[in-house]
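Listed below are the residues making up each chain.
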Amino acid sequence: MYLMVMKISNSALLAFYTVAQEGHFTLASKRLGITQSALSQRILNLEKDLSKTLFIRLKTGASLTEEGEALLQYCRQLVALEDEFLGDFSQSAKKIKSFEGHIRIGGFSSIMRSQVLPALVPLLKNNPEVKLTFISSEIRHLPALFLQGKI
């Protein structure tokens, strides 16, 4: 069985939503950075696709029809969902940027002082929840410490 699903383009929804917010095609076209004729064409195509009149066009602007009001509510829900997603996404991105936990590093003393410690300074400054334990040992003891889970 073939199911046909109609999709509304994002550019058509954005055009509609902007005209609905501005109440005027000229103001909406300026806000979107497109010509008024391109904006009008997007709205006309959307109305054709939906088989509905969305705006009553007046010399003083545009007002929504009942169907236009329904589509405006749909657009508001989309905007709210997008804002919620982007807020959640932003919060999880902030969480990813910060590390926490305990790191145990082992090595021989000259490498620990000259290479490892200076390399970890930015990590420690940017992630105060990270706890580090350094173990200096003879190089021959390091494999055993690693296998024991001490480093």
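Up top is the structure.
Residues numbered from 1 in each chain as written. Predicted model: local features only at pLDDT ≥ 70, side-chain atom pairs only at ≥ 80, totals over all residues. Heavy atoms only, no water.

K.L.:
Before we go on, may I ask you to explain the environment of threonine 53 in this structure?
P.N.:
Within the element layout of this structure, threonine 53 appears in the loop between α3 (36-50) and β1 (55-58). Leaving out residues up to four positions away in the same chain, threonine 53 has contacts with Glu47, Thr65, Glu67 and Gly68. (Helix = DSSP H or I, 4+ residues; strand = E, 2+ residues; numbered from the N terminus. Contact = heavy atoms within 4.5 Å.)

K.L.:
I keep staring at the nonpolar core and nothing clicks. Help me out?
P.N.:
For soluble globular proteins, the rule of thumb is that nonpolar side chains tend to be buried together. With 19 residues, the main nonpolar core has Phe16, Val19, Phe25, Leu39, Ile43, Phe55 and Leu71 as its most contacted residues. Of all elements in the fold, only α1 (10-22), α2 (25-32), α3, β2 (61-64) and α4 (66-97) reach the threshold of two or more residues within this core. Among the elements that line this core, the one with the most residues is α1, at seven residues. If sequence neighbours within four positions are ignored, leucine 71 has contacts with Leu13, Phe16, Leu46, Leu50 and Leu54. (Core = buried A, V, L, I, M, F, W, Y, C linked by side-chain atoms within 4.5 Å. Buried < 20%, exposed > 50% of the residue type's maximum accessible area, 1.4 Å probe, protein only.)

K.L.:
Is there a simple way to explain the pattern of salt bridges in this structure?
P.N.:
Two side chains with opposite charge may pair up if their charged atoms get near one another. All chains considered together, the criterion is met by two salt bridges. One salt bridge connects glutamate 22 with arginine 31, and the closest N-O pair in it is separated by 2.9 Å. The class of arginine 31 is partly exposed, set by a relative accessible area of 47%. A salt bridge links glutamate 47 to arginine 57, with the nearest nitrogen and oxygen atoms 2.9 Å apart. Residue glutamate 47 is found in helix α3, and its partner arginine 57 is found in strand β1; the two are separated by ten residues along the sequence. Residue arginine 57 is classed as partly exposed on the basis of its relative accessible area, which comes to 39%. (Salt bridge = Lys/Arg side-chain N within 4 Å of Asp/Glu carboxyl O.)

From the geometry alone we can't say anything about function, so treat these as descriptive.
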